[in-house]
Amino acid sequence: MSTDTFKAIVARKAEGGQSVALEQADESLLPAADVTVDVAWSTLNYKDGLALKGLGRILRTFPMAPGIDFSGTVRTSDSPEFKPGDQVILTGWGVGETWSGGFSARARARSEWLVKLPEGMSPRQAMAIGTAGFTAMLCVMALERHGIEAGGEVLVTGAAGGVGSIAVRLLSRLGYRVVALTGRPEEAGFLTGLGASEILDRTVLQAPGKPMQSERWAGVVDTVGGTILANAIAATKAEGAVAACGLAGGTDLPTTVLPFILRGVCLLGVNSVDAPMARRQEAWARLARELTPADLDGLTQEVALEDVLGLADDILAGKVRGRTVVRI
């Protein structure tokens, strides 16, 4: 091993699955690409929990460092777009899945995947937002493009989680009336503090319901999927829209075409992994404007890289509130 080593959580192929451990790695861990980054911060997302536990076939290349996002400083660059010392953000593009990711003090990425850190935002703040906050903003932008105007009532499912909590804050800040759906009633104060006008218990939408229900929501940000998404669609107003970005509650969608053809409801799929660069840059610029440092501090807990392996079960069990930034 090279004497130029750095700490990383490394997943390796093992009999019956994979092994994951904190190691001293070298650059043989990193794929070939034109920009090398000294990673300062990463985050713990639901997908990272799946990856660390070997679930869902998230990791498809070994050995590698999991971690689907990171922020840090360019160490070396063969791209004219970036120079050493530039501060950058990476989310998506299969990093932390098929490409060594952010749970590592050093990472390498293709220059076309990187976004320059917006003015006024620190690398830590960028990861307090992370993939979850970026996804939340894409959902908000999707509702806006559909014409869902401020003042309307918007349901956010999985509201105490990473995507949901930032969606609640953004929508409230932008003037929507936000109803937060959560399976953790003890988080009501947290969600009200983010701007939720009403808290609904998850059980209200958890049981199978009629395909057409009383109209309530102008829009929905759904992070859950499954029956909860089906019930949210069924109660969306005529010409309303549902932005769907998650599957913690299942990949099936037990609904009918009735809300779509009788009310004109639109289901808007939000894919943060392969979002085009212009949309990425717009989303990050808006996040820098709309979320204050105080907002992010209230949403965020900080852990060290050494702590990440012990938190995988918690995030999969829905026990992690808001955002978890990982100090690399």
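The model shown is predicted, which means the values in this text are computed figures rather than measured ones. (Residues numbered from 1 in each chain as written. Predicted model: local features only at pLDDT ≥ 70, side-chain atom pairs only at ≥ 80, totals over all residues. Heavy atoms only, no water.)

**Structural notes on the packing of aromatic side chains**
For the record, the criterion: Side-chain rings of Phe, Tyr and Trp (the six-membered ring for Trp) are treated as a pair once their centres are within 6.5 Å; stacked means planes under 30 degrees apart, edge-to-face means over 60, and tilted covers the remaining angles. By definition, any uninterrupted DSSP run of H or I lasting at least four residues is a helix, any uninterrupted run of E lasting at least two residues is a strand, and each is numbered from the N terminus. Note on classification: 1.4 Å probe, protein chains only; a residue is buried when its accessible area is under 20% of the maximum for its type, exposed when over 50%, partly exposed between these limits.
Inspection of the entire model under this criterion finds three aromatic pairs. On the numbers, 6.5 Å between centres and 10° between planes, the contact of Trp93 with Trp113 is stacked. One end of the pair, Trp93, is in the loop between strand E5 (87-91) and strand E6 (106-109); the other, Trp113, is in the loop between E6 and strand E7 (115-116), with 20 residues separating them in the sequence. On the basis of relative accessibility, which here comes to 22%, the residue Trp93 falls in the partly exposed class. Taken together, a centroid distance of 6.0 Å and an interplanar angle of 5° make the contact between Phe134 and Trp284 stacked. Here the residue Phe134 occupies a position in helix H2 (residues 123-146), and Trp284 occupies one in helix H8 (residues 277-290), the gap between them amounting to 150 residues. Exposure class is identical for Phe134 and Trp284. Each is buried. Grouping aromatic residues by their ring pairs yields a cluster made of Trp93, Trp99 and Trp113.

**Re the pairing of strand E11 (residues 217-222)**
Note the threshold: By the convention used here, strands pair only if DSSP detects at least 2 bridges between them.
Burial analysis of E11 places six of its six residues in the buried class, which makes it a mostly covered element. Sheet analysis places strand E8 (residues 153-156) next to E11, joined by three bridges and oriented parallel. Within E11, the position partnered with Val156 by the bridge is Val221. Here five bridges tie E11 to strand E12 (residues 236-244), and the two strands are oriented parallel to one another.

**Overview of the state of the cysteines**
Put simply, the rule is: The term disulfide is used for any two cysteine sulfur atoms that are within 2.5 Å.
A full pass over the atoms with the stated rule returns zero disulfides. Of all cysteine sulfurs in the structure, the one in Cys139 sits closest to Cys245, which takes part in no disulfide; the separation is 3.8 Å.

**Description of H8**
This is how the line gets drawn: An expected span of 1.5 Å times one less than the residue number is assigned to each helix. In this context, the arc is that of the directions from the helix axis out to the C-beta atoms. Note on contacts: a residue pair is in contact if any heavy atoms of the two residues lie within 4.5 Å.
Under the 1.5 Å per step criterion, the end-to-end length of H8 is 20 Å for 14 residues, consistent within 8% with the ideal 20 Å. Residues of H8 that are buried include every one of Arg280, Ala283, Trp284, Arg286, Leu287 and Glu290, and no others. Along H8, the residues classed as buried sweep out an arc of 165° about the axis, all on the same side. Residues of H8 that are exposed and point more than 90 degrees away from the buried face comprise Ala278 and Arg289. Looking at the packing, one finds that the buried side of H8 touches E5, E7, H2, helix H3 (162-173) and helix H9 (293-299).

**Digging into the nonpolar core**
To keep things clear, this is the line we draw: Note on terminology: a nonpolar core comprises buried Ala, Val, Leu, Ile, Met, Phe, Trp, Tyr and Cys residues joined through side-chain atoms within 4.5 Å.
Counting residues in hydrophobic clusters, the biggest one holds 50 residues, and the most contacted among them are Leu143, Val156, Val168, Leu170, Leu171 and Trp284. No other element matches the 14 residues that H2 contributes to this core. Setting aside chain neighbours within four positions, we find Val168 in contact with Val156, Ala159, Val178, Ala180, Leu191, Leu194, Gly195 and Ala196.

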